[in-house]
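# Observations on the model geometry
One-letter residues, chain by chain:
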Amino acid sequence: MSASQPLLQVEDLHIALSTDAGSFPAVEGVSFEIARGETVGLVGESGCGKSITALSIMGLLKPPLGLAGGRIRLTGQEIQNLPAAELRSLRGKRIAMIFQEPMTALNPLKPVGRQIAEMFVLHQGASWREAEQKAVEALTQVKVPAPGRRAKDYPHQLSGGMRQRVMIAIALACEPDLLIADEPTTALDVTVQAEIVDLMKELCAARGTAILMISHDLGLVTDICRRVCVMYAGRIVEQQDSEQIFNHPQHPYTQGLVASLPRLGMRAQHGRRKLMEIAGVVPGITAYPGGCRFNPRCSRATEICVKVVPELEALGDGSLVRCHHHG
Amino acid sequence: MLGFVIRRVLQMVPMLAAIALLIFVLFSVIPGSFATGQQDEGLGLDMAVVARMRAELGLDDPLHVRFGAYVKQLATLDLGVSFRSRQPVADMIAARLWPSLKLTIAAMGFAIVIGLPLGFVAALRPGSLVDLGLMVIAVSGLSLPKFWLGILLMYLFALTLGWFPSFGYGQGGLWHLTLPALALGVSPMALLARTTRAAVLDIMNADFVRTARSKGMNEYRVVVWHVLRNALVLVLTTIGLQFGSLLGQGVVVEKLFAWPGVGSLLVDSVFQRDIPAVQGCILVITMFFLVINTSVDIAYKLIDPRIRYT
Amino acid sequence: MKLRANLAIGGGLTLLSLFVGVFGPWLAHTDPIMDANLMNAELPPSGEFWFGTDQQGRDIFSRVMYGAQISLTVGIGSQLINTAIGTTLGVTAGYWGGWWDDFVNGLTNLMLAIPSLIFALAIMAILGPGLTSLMIALGLTNWSYTCRISRAQALAIKSQGYVQAARVLGYGDMRIMFTQILPNTLGPIIVIATLGMGGSILAEAALSFLGLGVRPPSPSWGSMLSDARETITTAPWLSLFPGLAIFLTVLGLNLLGDGLRDVLDPQSRSRR
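Residues numbered from 1 in each chain as written. Chains lettered and ligands numbered in written order. Predicted model: local features only at pLDDT ≥ 70, side-chain atom pairs only at ≥ 80, totals over all residues.

## Here we look at the domain arrangement of chain B
All names here are of chain B. On domain assignment, one finds that chain B holds domain 1 (2-75) and domain 2 (92-303). At the junction of the two partners, domain 1 supplies 15 residues and domain 2 supplies 13 residues. Going through the elements one at a time, helix 1 (2-10), helix 2 (12-29) and helix 3 (37-40) are the ones with two or more residues in the side of domain 1 that touches domain 2. Looking at the side of domain 1 that touches domain 2, the element that brings in the most residues is helix 2, giving seven residues. Counted by class, the side of domain 1 that touches domain 2 contains twelve nonpolar, two polar and one charged residues. (Domains from an automatic or database assignment. Contact = placed C-beta atoms within 7 Å. Helix = DSSP H or I, 4+ residues; strand = E, 2+ residues; numbered from the N terminus. Nonpolar A, V, L, I, M, F, W, Y, C, P; charged D, E, K, R; others polar.)

## With respect to helix 5 (residues 128-141) of chain A
All names here are of chain A. An ideal rise of 1.5 Å per residue puts 20 Å on 14 residues; helix 5 measures up with 20 Å between its terminal C-alpha atoms. The inward-facing, buried residues of helix 5 abut helix 4 (112-124), helix 6 (147-150) and helix 7 (160-172). Just downstream of helix 5 lies K143, where phi reads positive at about 60 degrees. (Expected span 1.5 Å × (residues − 1).)

## Describing the sheet that holds strand 12 (residues 320-321) of chain A
Residues and elements named next belong to chain A. One open sheet accounts for eight strands, arranged 6-7-8-3-9-10-12-11; its pairing is mixed. Looking at which strands have only one partner, the edges of the open sheet turn out to be strand 6 (95-98) and strand 11 (313-314). The pairing of strand 3 (residues 39-43) with strand 9 (residues 227-232) spans four bridges and is classified as parallel. Bridge pairing links V40 to R227 in strand 9. (Pairing = 2+ DSSP bridges.)

## Structural notes on the confidence of the model for chain B
Per-residue pLDDT for chain B averages 82, and the proportion of residues at 70 or more is 88%. At the low end of the mean pLDDT range in chain B sits helix 3 of chain B, at 45; at the high end sits helix 10 (residues 207-214) of chain B, at 92. (pLDDT = per-residue confidence, 0-100.)

## Description of the sheet that holds strand 5 (residues 77-78) of chain A
Residue and element names in this part refer to chain A. Taken together, four strands build an open sheet; the order of strands is 2-1-4-5 and the sheet is antiparallel. This sheet does not close on itself; its edge strands, each paired only once, are strand 2 (22-34) and strand 5. Here nine bridges tie strand 1 (residues 8-19) to strand 2, and the two strands are oriented antiparallel to one another. Residue pairing across strands places I15 opposite V27, the latter belonging to strand 2. Contacting strand 1, strand 2 and strand 4 (65-74), helix 1 (residues 50-58) runs over the sheet at an angle of about 110 degrees to strand 1. (Axes fitted to C-alpha atoms, helices over the stretch in contact; angles between N-to-C directions.)

Structure below.
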């Protein structure tokens, strides 16, 4: 593989939701790339398809959701149709994932050390004895105090932040190339969120692990990610560098997101102006509007927005936008 | 942990007292009940004899005196003397206890050995033909009258094929035990299969199973490392409840197969209007039910670290 | 798919047993008790005696038809008693709380601590055999689940806005319980009663089999099986049909209960 080859390429991904009433597009034409060691964010409201995009990369979609088209390449190799056994050897070893709710994501009846140790047994052929020792090391790396004792604790005996550290230790145990983090801090106290984010950044940077960060929180994502993809109702509507997106959001939806962010100094600039909110609600998956899916909520919507689906348009500086009236 | 066990065991005491009171009230207070039944039945008993018996047995004393005497008796594990055989009831029950327990354990063993795997298999292929078939068997098993199943088994395997004896205890071996245990075990087996299936389906959808898959585990390891034990915790309650109630439900099967257990003693005593024996049997069966439920709670605590020490 | 199969098969079987229960006397060929004829004793099934005859030459088909009445009467009667006790205790305990709640809880735990068949057997021993005794015995011993569910529902509903509003409007406790809480507990209670009816029919058969239920000449399925046991070597068909009748009736109720649970009480689906 060449150095310039991207680590992960998602091309024209389609995910369908099959119900008794028919098949609905949950994700449509999603494409993005992640280079080695790069950090990319996927932002959108809940239900926009960002989490299932992540699950499809892991090959963990479950009915009624299913892959309906597109390619997922890991260092050039297509993985979306790999046999189950080969896919399993990628999971955990080359692509790892951490989830939103660390309490339910951990088995309540197993000591956390054991749950970390499983990784070494699965992927490195270690004995349980070695694996448990390595698990203690892994806990040390994620800065869990008294790791030897903590390894014997059950998930319910740990705090939310500690549990998420355990999840990170599991995910990074085999030094994967890509870490997918699905809302990793949403379930945590605000004070703990920053610690967890910093920890992820630090550990991944040290290992050269790329991160795909999935969140509804644009502020959080721009904080750690170099590049951001904004999703709305199953489509990517904008892709930009993190620094750019604040100053020059192109899509009306992104502009809404940016405007709704509380920012340092904003109060000073704008006085008592309230945080802006985007009017309307996210449409349900079975009731997506025609044309641009944002049109019912968009102040700039015209006739063309209702009739024609806008294409993803390159703006020259590497950013992409899907809007008839961008800018 | 020890504190939990002690507390849990102590909680049984008021419950036992309440049960003793209930049994006492049922058989001693309700007018025209059992105790006076000998006259109504017209068994040809001499009224003078009845009166003497009542006095001798203390049945004419005021209620609170009788209840006091009853509790004092129970406290020393004395269940009274049988009206009929004039033997201590405790001895009569003791002789019957092991056969009853053996039958219950065998039935429950059968239910666990067959029901758990069936439920698992069904849950791993939900919606499949296997699943559907197993669940049809399960709901049928729950709808079978135990004694009818017993009669069918007796007819087929004892009278027609001659593989097993049609009734009796024999030397207490497996040969005599098989048919009664099957008759008693099929419905808990069916219930366990259903509960296990539901529990496994529940667990298979849990977040931590998704985590396990995201670790790159194959389905076999997902099931063995992560699903098995968690599903067992959910099923344990059912096992405990069934185990306890089988002691009660065994009555019919014991009677059908002429099995010398507490259940058949209970039924015989009812027909003989032997109140102390009836009370004793009910008390012992209920006590075992309580003990088993308490043990299940304690076992639960052992395998599920989440349950707090309260 | 499966959901509808449950409901369809269960409902069909239940309707069939209800039909037989109501119209049994017209369906029967002969009187189930009086038409004994020792000349016809222990005949195998034939064109004249569809299910054969018993030791006393009575037509088993007729007896099975009449038996449905007994089973269903006991099943429905005991479930009405159970539901009445369970909902009354449960709803009032949940709504009023306090010492009454503690008392009802204690009582429920006590009921759950005694194997119900044993309890029913004890009551039958005291009351003596008979239909009424059976309904009372089985009606007094199986209300704990209904009680727990209605208590939980009452607790959950009590704190909700519309009940609070009703209270502010000056509705009496009774009116609130009957108009606001009870209708909301209906779904799960119907499910429990349906499944419980199957249990009662099994228990009735068991008690009658032991000789503690309905007295022998009455054509109870359980007591027919008790008689049949003695002739199992010479006339095995006597054991077949009454048992099959119990099985199909209870199977119908169990399937119907499962189906209703999927429809009426979706969140508790597949539990228990």
